[in-house]
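Tertiary structure, described
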Amino acid sequence: MKPDFFNRSALSRQLWEFRREFFWVGIFSMIANVLMLTPTIYMLQVYGRVMKSGSELTLLMVTFFLLLFYAAMAFAEWLRSRLLVRAGVRLDEALHSLVFTASFEAYLNTARHNVTEAFSDLTNIRQFLTANGVIAFFDAPWTPVYIAVIFLLSPFLGWLSILFAVIQLGLTLLSNQLSLKEIQIAADAGSDSYRYVQSKLRNIEPVHAMGMVVNLRKHWFSLHDASLAKAEGSLDRQHRQQSITKFVRLSMQSLTLGAGALMVIEGKMSAGQMIAANVLMSRALQPLDLVVATWKPFVMARTAFVRLEKLLEAFPERAPGARHQDPFGEIRIEGLSATAEGRETPILDNITIMFPASKVTVILGPSGSGKSTLARCIVGVWPGKKGAVLIDGEPVESWDRMELGPHIGYLPQDVELFDGTIAENIARFAEVDSQKVIEAAKRTGIHDLILRFPKGYNTEIGEAGGMLSGGQRQRLGLARAMYGNPALLVLDEPNANLDEAGERSLLDAVSDLKKAGKTVILITHRPNALAAADLLAVMQKGKIVHCGPRDEVLAVLRSESARPPSSSST
Ligand code: ATP
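This is a predicted model, so every value here is computed, not measured.

Our next topic: the domain arrangement of the chain. It is common to give the size of an interface as the accessible area lost on bringing the parts into contact. Taken domain by domain, the chain comprises domain 1 (1–131), domain 2 (154–293) and domain 3 (331–562). Centre-to-centre, using C-alpha coordinates, domain 2 lies 56 Å away from domain 3.

A general feature of soluble globular proteins is that nonpolar side chains tend to end up buried together. One finds Ile422, Ile426, Ile450, Tyr457, Leu476 and Val520 to be the most contacted residues of the largest nonpolar core, which totals 44 residues. Not counting the four nearest positions on each side in its chain, isoleucine 450 is found in contact with Ile422, Ile426, Ala441, Gly456, Tyr457 and Leu476.

Strand-to-strand pairing in sheets goes through backbone hydrogen bonds, with the strands running parallel or antiparallel. The strand order β2-β1-β4-β5 describes an open sheet built from 4 strands, whose pairing is antiparallel. Each having just a single partner strand, β2 (348–355) and β5 (394–395) make up the two edges of the open sheet. Direction of pairing for strand β4 (residues 385–391) relative to β5: antiparallel, over a ladder of 2 bridges. Within β5, the position partnered with isoleucine 391 by the bridge is glutamate 394. Helix-sheet contacts for helix α13 (residues 371–379) involve β1 (331–338), β2 and β4, and the interaxial angle to β1 is about 120°.

With that out of the way, let us pick up a nonpolar patch on the surface. Where nonpolar side chains cluster on the molecular surface, the patch consists of Leu57, Leu60, Met61, Phe64, Phe65, Leu68 and Phe69 and spans about 710 Å² of accessible area. By secondary structure assignment, the location of phenylalanine 64 is in helix α4 (residues 56–109). Residue phenylalanine 64 is classed as partly exposed on the basis of its relative accessible area, which comes to 47%.

What follows concerns the sheet that holds strand β10 (residues 543–549). Pairing is mixed across the open sheet formed by 6 strands, whose spatial order is β6-β7-β8-β3-β9-β10. Each edge of the open sheet carries a strand with a single partner, namely β6 (408–411) and β10. The mean angle between the axes of side-by-side strands here comes to 10°, regardless of whether they run parallel or antiparallel. The sheet strands contacting helix α20 (residues 550–562) are β9 (535–540) and β10, and the helix crosses β10 at an angle near 125°.

Attention now moves to the pattern of salt bridges. Using the criterion set out here, one finds 14 salt bridges in the structure. Glutamate 21 is the partner of arginine 90 in a salt bridge, and the nearest nitrogen-oxygen pair spans 2.5 Å. Highlighted residues: arginine 90 in helix α4 and glutamate 21 in helix α2 (residues 19–35), separated in sequence by 69 residues. In this structure, aspartate 349 and lysine 543 form a salt bridge, with 3.0 Å as the shortest nitrogen-oxygen distance. Residue aspartate 349 is found in strand β2, and its partner lysine 543 is found in strand β10; the two are separated by 194 residues along the sequence. Taking the relative accessible area as the measure of exposure, lysine 543 reaches 39% and is therefore partly exposed. One connected set of salt bridges, linked through shared partners, spans Glu77, Arg80 and Asp139.

As a further point, take the packing of aromatic side chains. If you walk through the whole model with that rule in mind, you get 14 aromatic pairs. With a centroid separation of 5.6 Å and 70° between ring planes, the pair formed by phenylalanine 64 and phenylalanine 65 is classed as edge-to-face. Relative to phenylalanine 298, the ring of phenylalanine 137 has its centre 5.1 Å away and its plane inclined at 45°; by these criteria the two rings are tilted. Here the residue phenylalanine 137 occupies a position in helix α6 (residues 132–139), and phenylalanine 298 occupies one in helix α12 (residues 295–314), the gap between them amounting to 161 residues. The exposure class of phenylalanine 137 is partly exposed, given its relative accessible area of 31%. Among the aromatic residues, ring-to-ring pairing joins Phe23, Trp24 and Phe28 into one connected group.

Remark: α2 packs on α4, axes separated minimally by 9 Å, with the N-to-C direction vectors making an angle of 160°. With respect to α4, the axis of α2 lies roughly antiparallel. Where α2 crosses over α4, the handedness of that crossing is left-handed. Across from Glu21, Phe22, Trp24, Val25, Phe28, Ser29, Ile31, Ala32, Asn33 and Leu35 in α2, the residues of α4 making contact are Phe69, Ala72, Met73, Ala76, Glu77, Leu79, Arg80, Leu83, Leu84, Ala87 and Arg90. Grouping the amino acids of the contact of α2 with α4 by side-chain chemistry returns 15 nonpolar, 2 polar and 4 charged.

Surveying the vicinity of the ligand reveals 15 residues, the closest of which are Ser367, Lys371, Ser372, Thr373 and Gln413. The contact in question runs from an oxygen atom of the ligand to an N or O atom on the side chain of serine 367, over 2.5 Å. Here an oxygen atom of the ligand sits 3.1 Å away from a polar atom, N or O, in the main chain of serine 369. In isolation the ligand has 630 Å² of accessible area, and contact with the protein removes 66% of it. Per-class residue counts for the shell around the ligand are 4 nonpolar, 8 polar and 3 charged.

Another point: α2. Over its 17 residues, α2 extends 24 Å from the first C-alpha to the last, a length consistent with the 24 Å expected when each residue adds 1.5 Å. Among all positions in α2, only Glu21, Val25, Phe28, Ser29, Ala32, Asn33 and Leu35 are buried. Seen end-on, α2 carries its buried residues on one side only, within an arc spanning 155°. Summarising the geometry of α2, the exposed residues directed more than 90 degrees from the buried face are Arg20 and Phe23. Where α2 is buried, its residues contact α3 (38–53), α4, α6, α7 (143–153) and α11 (271–293).

Further remarks concern the packing of helix α8 (residues 155–201) against α11. Remark: α8 packs on α11, axes separated minimally by 10 Å, with the N-to-C direction vectors making an angle of 15°. By the criterion of interaxial angle, the relationship of α8 to α11 is roughly parallel. For α8 against α11, the interelement crossing comes out right-handed. Note on element contacts: α11 touches α8 through Ala277, Met281, Leu285, Leu288, Asp289 and Val292, opposite Leu157, Leu160, Ser161, Phe164, Ala165, Gln168, Leu169 and Thr172. Across the contact of α8 with α11, the residue classes break down as 10 nonpolar, 3 polar and 1 charged.

This brings us to unusual backbone geometry. The phi torsion at phenylalanine 429 lies on the positive side, around 65°, for a residue other than glycine. Position of phenylalanine 429 relative to the elements: it lies in the loop between α15 (422–426) and α16 (434–443). A positive phi angle, near 55°, is found at asparagine 485, a position not held by glycine. Structurally, asparagine 485 is set in the loop between α18 (470–482) and β7 (488–492).

Reading the values: the criteria
- Residue positions are given per chain, counting from 1 as you read along its sequence in written order.
- Local features in this predicted model are restricted to residues whose pLDDT is 70 or higher, and side-chain atom pairs enter the listing and the counts only when it is 80 or higher, whereas totals over whole chains, interfaces and linings include all residues.
- Think of the side-chain values as coming from all heavy atoms in the structure, minus any hydrogens and water.
- Boundaries of every domain are those given by an automatic assignment or by a domain database.
- Here, nonpolar core refers to any group of buried Ala, Val, Leu, Ile, Met, Phe, Trp, Tyr and Cys residues whose side-chain atoms link them within 4.5 Å.
- Classification of residues uses two cut-offs on accessible area relative to the type maximum, computed with a 1.4 Å probe and protein chains only: under 20% is buried, over 50% is exposed, and between them is partly exposed.
- Residues count as neighbours in contact if any of their non-hydrogen atoms are within 4.5 Å of one another.
- The pairing criterion for strands is at least two bridges between them, as found by DSSP.
- Under the scheme used here, helices are H or I runs from DSSP no shorter than 4 residues and strands are E runs no shorter than 2 residues, and both carry numbers assigned from the N terminus.
- Convention adopted: a line fitted to C-alpha atoms gives each axis, helices being fitted over their contacting stretch, and angles between N-to-C directions are expressed from 0 to 180 degrees.
- Exposure above 30% relative accessible area and no salt bridge define the residues that can form patches, which grow by joining like charges within 9 Å and nonpolar side chains of Val, Leu, Ile, Met, Phe, Trp and Tyr within 5 Å.
- With residues, only the protein chains shown are counted as cover, and all accessible areas are computed by Shrake-Rupley using a 1.4 Å probe.
- Any carboxyl oxygen of Asp or Glu within 4 Å of a side-chain nitrogen of Lys or Arg constitutes a salt bridge here.
- Note on ring pairs: Phe, Tyr and Trp rings are taken, using the six-membered ring of Trp, and paired if centres are within 6.5 Å. Classes follow the plane angle, with under 30 degrees stacked, over 60 edge-to-face and the rest tilted.
- Here the word oblique covers every angle except those under 35 degrees (roughly parallel), over 145 (roughly antiparallel) and from 65 to 115 (roughly perpendicular).
- In this scheme the crossing of two helices becomes right-handed for a clockwise turn of the near helix relative to the far one and left-handed for an anticlockwise turn of less than a right angle.
- Each residue receives one of three labels: charged for Asp, Glu, Lys and Arg, nonpolar for Ala, Val, Leu, Ile, Met, Phe, Trp, Tyr, Cys and Pro, and polar for the others, Gly being one of them.
- In this text, near means that some heavy atom of the residue lies within 4 Å of the molecule or strand in question.
- Counted as a polar contact is a pair of N or O atoms within 3.5 Å, where, for protein atoms, one must be capable of donating a hydrogen and the other of accepting one, and residues adjacent in sequence contribute only when both atoms are in side chains.
- Here a helix's expected span is defined as the number of its residues, less one, multiplied by 1.5 Å.
- Directions pointing from the helix axis toward each C-beta atom define the arc.

Structure follows, in structure tokens:
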């Protein structure tokens with residue numbers, strides 16, 4: 001039966017899958033550790049049997065077996081390392097897709113999530129599993145066996161080794177108790193400072209142009225200094241503890257030899273037994289030493305494990321959503337409210353509105369009134385919402401993302417393009433269908449422009465569309481939104497960076513879409529776009545204040561602006 005721990009999360013369940021590997025690692029560790037007694041036995045044989053008999057043949061035989069056992073021990077150690085390396089790689093393979101998706105969703109839900117952290121956590125766990133660290137934990141249980149053998153040689157030395165093992169273990173536990181929290185705090189401070197630099201580098205141009213580097217550096221210095229101080233304190237303590245441990249260990253080794261010599265003087269054991277006991281003692285304490293040395297990687301791997309476990313718990317692998325028929329693109333919104341972390345007032349406040357299929361609805365409203373948030377809710381990427389967004393009567397969350405995605409064309413306000421060719425970007429990084437790519441580019445009027453690039457559609461555009469102008473990026477984003485003729489298009493200020501020609505092609509594209517029966521929701525500040533609208537919605541402070549056929553709403557707006565301001569208004 002699976003123990004409770006292994007039922008806890010996807011990660012622990014995955015570890016349970018490796019029980020056979022761990023079992024065999026345990027077996028090979030047993031073989032290696034039993035064979036580790038070889039030098040002791042060899043020593044006893046040489047000092048005892050060989051020296052006494054003076055037989056060269058015995059020495060040869062004993063040496064032959066020694067080499068044979070050494071080879072078997074090396075083989076067992078190699079096998080267990082190999083098993084662990086394979087297990088680590090398989091663990092990574094089994095989890096990387098889950099980690100990728102969870103990390104992606106966590107970022108969607110909170111932009112503060114550090115995307116790379118989850119991947120380095122996974123690497124940390126894998127490296128711990130495949131490095132010497134985990135082996136120390138398999139060797140440590142053999143310490144009592146070595147001590148038992150010491151007992152056979154001399155009960156006095158046996159008790160002494162128990163005392164030394166207890167001292168060493170006590171020291172380990174104490175030092176861990178003292179340093180565990182500090183290690184974590186130092187690691188957190190380090191990643192805060194790293195994250196700060198990373199986020200500023202993403203926006204390097206305004207930073208450089210407006211001479212903000214010095215100010216930002218000042219802030220980074222304070223983060224970095226804090227992280228250095230914490231790392232220094234933590235390392236200081238660790239090194240102090242390591243020095244104490246080393247002193248204790250060396251003293252213990254020599255004291256064992258001294259105690260052995262005393263026994264020999266008193267005639268209670270032979271010189272061979274004395275040396276053998278000494279070798280055994282250091283061998284018995286070695287795994288404990290290794291556990292101390294690998295404590296830091298262990299703590300880091302454990303922290304990584306807990307963090308990854310939490311991430312995978314918060315964002316488990318989703319069952320594929322319901323499969324519906326291809327959507328027509330009718331959007332109904334009922335009692336929709338949206339909030340954000342740390343914000344008291346809602347961004348969207350109990351909105352109910354309908355965007356009929358095959359119609360173009362333009363959304364107007366002052367800056368900050370919640371238009372982009374509404375767009376995000378419609379395409380199902382806003383995390384903190386209440387109420388319902390229904391696509392063809394079905395909640396947006398219930399749709400299978402992979403199925404729904406191709407039917408949605410979404411152009412966010414900040415167009416982000418990805419590292420790859422123009423064609424790949426337009427085709428949403430799916431298999432490139434050249435005909436559809438060209439069709440989308442023609443619709444947005446950028447086909448000729450693309451052909452003027454050195455490699456046309458195969459031009460690499462770099463991360464975030466580095467080699468394109470703002471307007472070109474926006475039109476490429478628009479082509480990506482239109483790729484594959486989606487039923488629903490949500491365009492958030494698609495004309496913000498467009499020149500007159502660009503805006504004209506946009507409006508032509510929108511009327512083509514309307515003719516083709518597509519639903520278009522267009523957010524804009526520019527009145528030109530109204531020409532394409534069937535319906536008009538006006539937002540203010542998170543509410544829809546007007547909604548209806550374009551000309552009716554425009555008439556209301558005109559009459560409102562003609563009305564003298566009421567005494568209560570400011
Ligand atoms: P604009 O016309 O300037 O693009 P908008 O009408 O599209 O504005 P939104 O971007 O939806 O407005 O923002 C509405 C409000 O929600 C703003 O006050 C903004 O500060 C807030 N807001 C938007 N995104 C977030 C977020 N991720 N976290 C907290 N508040 C947010």
